Amino acid sequence: MVQNTGRPGYLQIADDLRAQIHGGSLAPGTPLPSTAQLSARYDASLSVVKMAVGILRNEGLVIGQQGKGVFVRDADQRPAGDEQPDPADLAELRATVQDLAVRLAKVEEQLSTSTSRRPGRSSR
């Protein structure tokens, strides 16, 4: 189930599926559950699940086969030089992005309130 941590649900789902792949509970050649099944399992929308699976595709962990489904790739079939990033580096990057998102939201809020306080001013 996706938690209300402030972290996007699709990243939480991708992390969980990635951990299952690396942990072996989703072995190479194993099909992922359908989008509808994943949606029910994680209590998330279909679009959120599709985004999570898209991340795993981009990482080379899974591959889609038209009309058959999405399957876990064998480690030797993954693109060469596609090393997994250090989890500590990823955590630091995510924290930085989260901080920037909060700061940007504050700036946008300040801009919207400062322009709404000036009657008679029009935007160009």
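The model shown is predicted, which means the values in this text are computed figures rather than measured ones.

Participant: Just to check I follow, could you spell out the nonpolar core for this structure?
Facilitator: One broad trend across soluble globular proteins is that nonpolar side chains are buried collectively. Core analysis: the biggest nonpolar cluster contains 18 residues, and Ile13, Leu17, Ile21, Leu32 and Leu56 have the highest contact counts within it. Those elements giving two or more residues to this core turn out to be α1 (9-23), α2 (35-42), α3 (46-58) and β2 (69-72). Ranked by the residues each element gives to this core, the list is headed by α3, at five residues. When sequence neighbours within four positions are dropped, the list of residues in contact with leucine 17 reads Leu26, Leu38, Tyr42 and Leu56.

Participant: I would appreciate a short explanation of the pairing of β2 in the present structure.
Facilitator: The side chains of a regular strand alternate, residue by residue, between the two faces of the sheet. By the bridge criterion, four bridges tie strand β1 (residues 62-65) to β2 in an arrangement that is antiparallel. In the sheet register, glycine 64 faces β2, and the bridge partner there is valine 70. Between β1 and β2, which pair antiparallel in sequence order, lie three residues; one of them, glycine 67, sits at a positive phi of approximately 80°.

Participant: Looking at this model, I keep getting lost on a nonpolar patch on the surface. Mind explaining?
Facilitator: Taken together, the side chains of Leu104, Val107 and Leu111 present a nonpolar region at the surface, about 270 Å² in accessible area. Mapped onto the elements, leucine 104 comes out in helix α4 (residues 87-116).

Participant: Please explain α1 as it appears in this structure.
Facilitator: Structural remark: α-helix, 3.6 residues per turn; residues separated by three or four positions point the same way. Taking 1.5 Å of rise per residue, 15 residues should cover 21 Å, and α1 covers 21 Å from first to last C-alpha, within 8% of that figure. Among the residues making up α1, those that are buried are Gly9, Gln12, Ile13, Ala14, Leu17, Arg18, Gln20 and Ile21. The inward-facing, buried residues of α1 contact α2, α3, β1, β2 and α4. Looking one or two residues past α1, glycine 24 carries a phi angle of roughly 95°, positive in sign.

Calculation notes
Residues numbered from 1 in each chain as written. Predicted model: local features only at pLDDT ≥ 70, side-chain atom pairs only at ≥ 80, totals over all residues. Heavy atoms only, no water. Core = buried A, V, L, I, M, F, W, Y, C linked by side-chain atoms within 4.5 Å. Buried < 20%, exposed > 50% of the residue type's maximum accessible area, 1.4 Å probe, protein only. Helix = DSSP H or I, 4+ residues; strand = E, 2+ residues; numbered from the N terminus. Contact = heavy atoms within 4.5 Å. Pairing = 2+ DSSP bridges. Patch = residues over 30% accessible without salt bridge, like charges linked within 9 Å, V, L, I, M, F, W, Y side chains within 5 Å. Areas by Shrake-Rupley, 256 points an atom, 1.4 Å probe, with all protein chains shown as cover. Salt bridge = Lys/Arg side-chain N within 4 Å of Asp/Glu carboxyl O. Expected span 1.5 Å × (residues − 1).

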